[in-house]
Amino acid sequence: MALLQVKNLTHSYGGSSPFVHDAVSNISLDIEKGEIIGIIGHTGSGKSTLVQHLNGLLKPTEGQILLEDKDIWENPKEIRKVRSKVGLVFQYPEYQLFEETVYADIAFGPKNMGLSGNELDKRVRDICRIIGVKDEYLNKSPFDLSGGEKRRVAIAGVMAMYPQIIIFDEPTAGLDPAGRETVIKIINDYRRETGATVIVVSHSMEDMAMLADKLLVLNDGKLEMFDSTEKVFSNGDRLRKIGLNVPIVTRVFAQLRNLGVDVPEDVFTVEKAVEVLKKKAGEKNA
Amino acid sequence: MLKDITFGQYYEGNSPVHKTDPRAKIVLLIAMIVFVFLANNIFSVVFAALSVFTLMYISGVPLRMYAKNLKAILPIIIFTAFINVFYGDKNTGIVFEVWKLTVTWGGIYRAFFMATRIILLIFISSALTYTTTPNDLTDAIERLLSPLKYVGLKSAVHILAMMMTITLRFIPTLIEETEKIMNAQKARGADLENGNLKQRVKALIPILIPLLISAIRRSYELAEAMECRCYNGGEGRQRMKQLHFSFRDYIACGVVFAVGAVIILLNILL
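Residues numbered from 1 in each chain as written. Chains lettered and ligands numbered in written order. Predicted model: local features only at pLDDT ≥ 70, side-chain atom pairs only at ≥ 80, totals over all residues. Heavy atoms only, no water.

## Focus on the overall build of chain A
- Within chain A, the secondary structure is distributed over 11 helices and 10 strands.
- Put simply, chain A has 286 residues, and 51% of those count as buried.
- Sequence-distant contacts, at least 24 apart, represent 63% of the contacts inside chain A between residues at least 6 apart.
- Summing over all exposed atoms, chain A offers an accessible surface of approximately 13700 Å²; the carbon and sulfur share of this is 49%.
- In chain A, which carries 37 positive and 41 negative side-chain charges, the distance between the mean positions of the two groups comes to 1 Å. (Helix = DSSP H or I, 4+ residues; strand = E, 2+ residues; numbered from the N terminus. Buried < 20%, exposed > 50% of the residue type's maximum accessible area, 1.4 Å probe, protein only. Contact = heavy atoms within 4.5 Å. Areas by Shrake-Rupley, 256 points an atom, 1.4 Å probe, with all protein chains shown as cover. Lys, Arg positive; Asp, Glu negative; His and termini not counted. Charge placed at Lys NZ, Arg CZ, Asp CG, Glu CD.)

Take a look at the structure:
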């Protein structure tokens, strides 16, 4: 059975007013344990609405969210337990830091789960080790850190709850290239260490190509595609029709093919591109 | 949720009341309130009430909008009326006595007057806020206070008006920000709905601190953006939208003062 199931999810904003509008409509999908899923779609396509349902911040207007075969809204009093199992890192998470020290801020989530003493301490120190928050930072004020470090600490604050599923909404927004790489590394490190399922919402096709096993494409609140990254990116025309695109390297390679160069279609990352081109150069020399 | 709260309750419309100059509206609001409180017999109060209902009708704002404002303040009206019932002159006739409290006809009469006045006051001020945008209101206040610059408060008036405008502008932004932060902390397991008073107050800290920081950040950004556009206070500043006192406004003033005169006449004659 899938770890997380979305069944016929519809969410309408506006209640009974004349401005009712379905932010997401009739979405069904299964998410398996350990997958990395990317969610793409242009602005206003319902990405944020969808992910806020997965941890119970929003309640479905219609349909169900099943976590390990149990409806998360079965007992509304227990919804906070769901939130520690399904972590959600919002866009610009550094704006939610509030504690006096980095340590206390990271401990906020696990404390809310009812942990204390050694167990709490172990959690905080473990997560700092996994994603590289330096020990010397722990007693500093989070407001004294640089932008990139603040984000790392804010992400650690959610990861310290050790959610089985962790969702990132635009985790790389507003960061320089080095910062983007760091965040992607943090996500990969957490996943390797815990085997968690990861869901990433992003506008960057390049990030998606580096991270995601499967891509979920939303268009105007509806599920457009949900398939492996290769399959989705091989549908360039369909993506362009809804205002999205394939990674730049893929476009470059498509142009090369148009010019008669024999290169494969399934190149989505720069690393892969370099590898393919080196091989080609080797063939020529030989 | 939070965004359902309305601040500044402008109701889109095209009525003569909407079109009246906001400065005139503010002055006339004050005048109307004075007249309503001057009315001291049944005839003048009824006349004042009729005038206010006419104003509400002309404003084109649905009656239920006015009722909504009244509902919020109803407990205060009932309380005031209730207290007044006991404060009448005993010579006007005793209705009944309980323990040391005496309800008199005079008291009931007083209570009725008090309640009517407060209700009319609410209606008059609602008519102003429903028909005037918050920006027009601050503009008008700035203009009305401008004589203060002759008594050494030259920049104060402009600064006050600018502060009001900025405050109104940022209320929706901050509400949105609050919602975001609340969601983010809820996602970290914060419990905002349960617990006793102390726990609930404590639960606000993770929301208030980030909100305060972001408000300060925003104000720095705004200050820089304003300086980049050469803002240096009110001196020599002109307005894109000039307020014009037109024929319509003189008529509005005339009507309101005529109403006032009739109320005073009714007071004296009857």
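On we go.
## Remarks on the interface of chain B and chain A
- Contacts between the two partners involve 15 residues from chain B, matched on the other side by 19 residues from chain A.
- Between chain B and chain A the total buried area reaches about 1600 Å² when both faces are included, carbon and sulfur atoms providing 59% of it.
- Considering only the side of chain B, the residues that lose the most area to chain A are B:Asn183, B:Ala187 and B:Arg188, jointly responsible for 40% of the buried surface there.
- If you look at where chain B meets chain A, you find two salt bridges.
- The shortest N-O distance in the salt bridge between A:Arg80 and B:Asp191 comes to 3.0 Å.
- For the interface between chain B and chain A, the tally reads six residue pairs in polar contact (both at pLDDT 80 or more).
- Ranked by residues supplied to the side of chain B that touches chain A, first place goes to helix H8 (residues 197-228) of chain B with six residues.
- Among the residues forming the side of chain B that touches chain A, the class breakdown is eight nonpolar, three polar and four charged. (Buried area = accessible area lost by both parts, 1.4 Å probe. Salt bridge = Lys/Arg side-chain N within 4 Å of Asp/Glu carboxyl O. Polar contact = N/O pair within 3.5 Å; in protein donor to acceptor, adjacent residues only side chain to side chain. Nonpolar A, V, L, I, M, F, W, Y, C, P; charged D, E, K, R; others polar.)

## What about helix H4 (residues 117-131) of chain A?
Residues and elements named next belong to chain A.
- Here H4 contains 15 residues, and its C-alpha end-to-end distance of 22 Å stays within 8% of the 21 Å for a straight helix at 1.5 Å per residue.
- Of the residues making up H4, those classed as buried are Leu-120, Arg-123, Val-124, Ile-127, Cys-128, Ile-130 and Ile-131. Down the axis of H4, the buried set is contained in an arc of 165°. They therefore lie on one face. Of the residues in H4, the exposed ones pointing more than 90 degrees away from the buried face are Gly-117, Asn-118, Lys-122 and Arg-129.
- Of the surrounding elements, those touching the buried residues of H4 are helix H3 (102-112), helix H5 (147-159) and helix H6 (177-194). (Expected span 1.5 Å × (residues − 1). Arc of directions from axis to C-beta.)

## Some details on the packing of helix H3 (residues 42-59) of chain B against helix H5 (residues 105-131) of chain B
All names here are of chain B.
- In contact at an axis separation of 10 Å, H3 and H5 are set at 20° when each is read in the N-to-C sense. Relative to H5, the element H3 lies roughly parallel. Crossing of H3 over H5 shows left-handed handedness. Side by side, H3 and H5 meet where Ile-42, Val-45, Ala-48, Ala-49, Val-52, Phe-53, Leu-55, Met-56 and Ser-59 of the first sit next to Tyr-109, Phe-112, Phe-113, Thr-116, Leu-120, Phe-123, Ile-124, Ala-127 and Thr-131 of the second.
- For the contact of H3 with H5, the class distribution of residues is 15 nonpolar, three polar and no charged. (Axes fitted to C-alpha atoms, helices over the stretch in contact; angles between N-to-C directions. Parallel < 35°, antiparallel > 145°, perpendicular 65-115°, else oblique. Left-handed = near helix turned anticlockwise from the far one by under 90°.)

## Observations concerning the layout of surface pockets
Residues and elements named next belong to chain B.
- Put simply, the second largest pocket is a space of about 1200 Å³.
- Among the secondary structure elements, those contributing two or more residues to the lining of the second largest pocket are helix H6 (134-145), helix H7 (154-187) and H8.
- Ranked by residue count, the leading element in the lining of the second largest pocket is H7, at 10 residues. (1 Å grid on protein atoms, 1.4 Å probe; cavity = no way out; pocket = protein on both sides within 12 Å on 5 of 7 lines; lining within 4 Å. Points joined across faces, edges and corners; volume = space filled by probe spheres on them.)

## Topic: the pattern of salt bridges
All names here are of chain A.
- Taken as a whole and judged by the stated rule, the model has 18 salt bridges over all chains.
- Notably, a salt bridge pairs Lys-185 with Asp-189, separated by 2.9 Å at the nearest N-O pair. Taken together, the residues span about one helical turn, with Lys-185 and Asp-189 both in helix H6 at a distance of four residues.
- By relative accessible area, Asp-189 is classed as buried at 10%.
- Residue Asp-266 is joined to Lys-272 by a salt bridge in which the shortest nitrogen-to-oxygen separation is 3.8 Å.
- A relative accessible area of 28% places Lys-272 in the partly exposed class.

## So, the domain arrangement of chain A
Residue and element names in this part refer to chain A.
- Structurally, chain A comprises domain 1 (4-246) and domain 2 (247-286).
- When each unit is reduced to the centre of its C-alpha atoms, the spacing between domain 1 and domain 2 is 33 Å.
- Counting residues at the interface gives eight residues for domain 1, matched by six residues for domain 2.
- Contact between domain 1 and domain 2 buries roughly 690 Å² in total, counting both sides, with carbon and sulfur atoms accounting for 71%.
- At the junction of domain 1 with domain 2, the criterion picks out zero salt bridges. (Domains from an automatic or database assignment.)

## Description of H5(A)
All names here are of chain A.
- Relative to the 18 Å expected for 13 residues at 1.5 Å per residue, H5 spans 19 Å between its end C-alpha atoms, a close match to the ideal helical length.
- In terms of residue burial, H5 counts as a mostly covered element, since 10 of its 13 residues are buried.
- Restricting attention to buried positions, one finds in H5 the residues Glu-149, Arg-151, Arg-152, Val-153, Ala-154, Ile-155, Ala-156, Gly-157, Val-158 and Met-159.
- Buried residues in H5 make contact with strand E6 (86-89), H3, H4, strand E7 (165-169) and H6.

## Some words on empty space enclosed by the protein
- All told, the structure shown has one cavity of 30 Å³ or more when counted by the stated rule.
- Considered as a void within the structure, the largest cavity measures approximately 30 Å³ in volume.

## Considering the packing of aromatic side chains
Residue and element names in this part refer to chain B.
- In the structure shown here, the tally under the stated rule is 12 aromatic pairs over all chains.
- The interplanar angle of 85° and the centroid separation of 5.3 Å between the aromatic rings of Phe-82 and Phe-86 together place this pair among those described as edge-to-face.
- Residue classification places Phe-86 among the partly exposed positions, given a relative accessible area of 25%.
- Joined through ring pairs, the aromatic side chains of Phe-53, Tyr-66, Phe-123 and Tyr-130 make up one cluster. (Phe/Tyr/Trp six-rings, centres within 6.5 Å; stacked < 30°, edge-to-face > 60°.)

## Comments concerning the domain arrangement of chain B
- With domains assigned, chain B is organised as domain 1 (2-132 + 244-269) and domain 2 (162-228).
- A straight line from the C-alpha centre of domain 1 of chain B to that of domain 2 of chain B covers 37 Å.

## Observations concerning the packing of H7(B) against H8(B)
Residues and elements named next belong to chain B.
- Running from N to C, H7 and H8 cross one another at 140°; their axes reach a closest spacing of 10 Å. Viewed along their axes, H7 and H8 adopt a mutual orientation that is oblique. The way H7 lies across H8 gives a crossing that is right-handed. Where H7 approaches H8, its residues Met-162, Ile-166, Phe-170, Thr-173, Leu-174, Glu-177, Thr-178, Ile-181, Met-182 and Gln-185 are matched on the opposing element by Pro-206, Ile-207, Pro-210, Leu-211, Ser-214, Ala-215, Arg-218, Leu-222 and Met-226.
- Split into classes, the residues belonging to the contact of H7 with H8 amount to 13 nonpolar, four polar and two charged.

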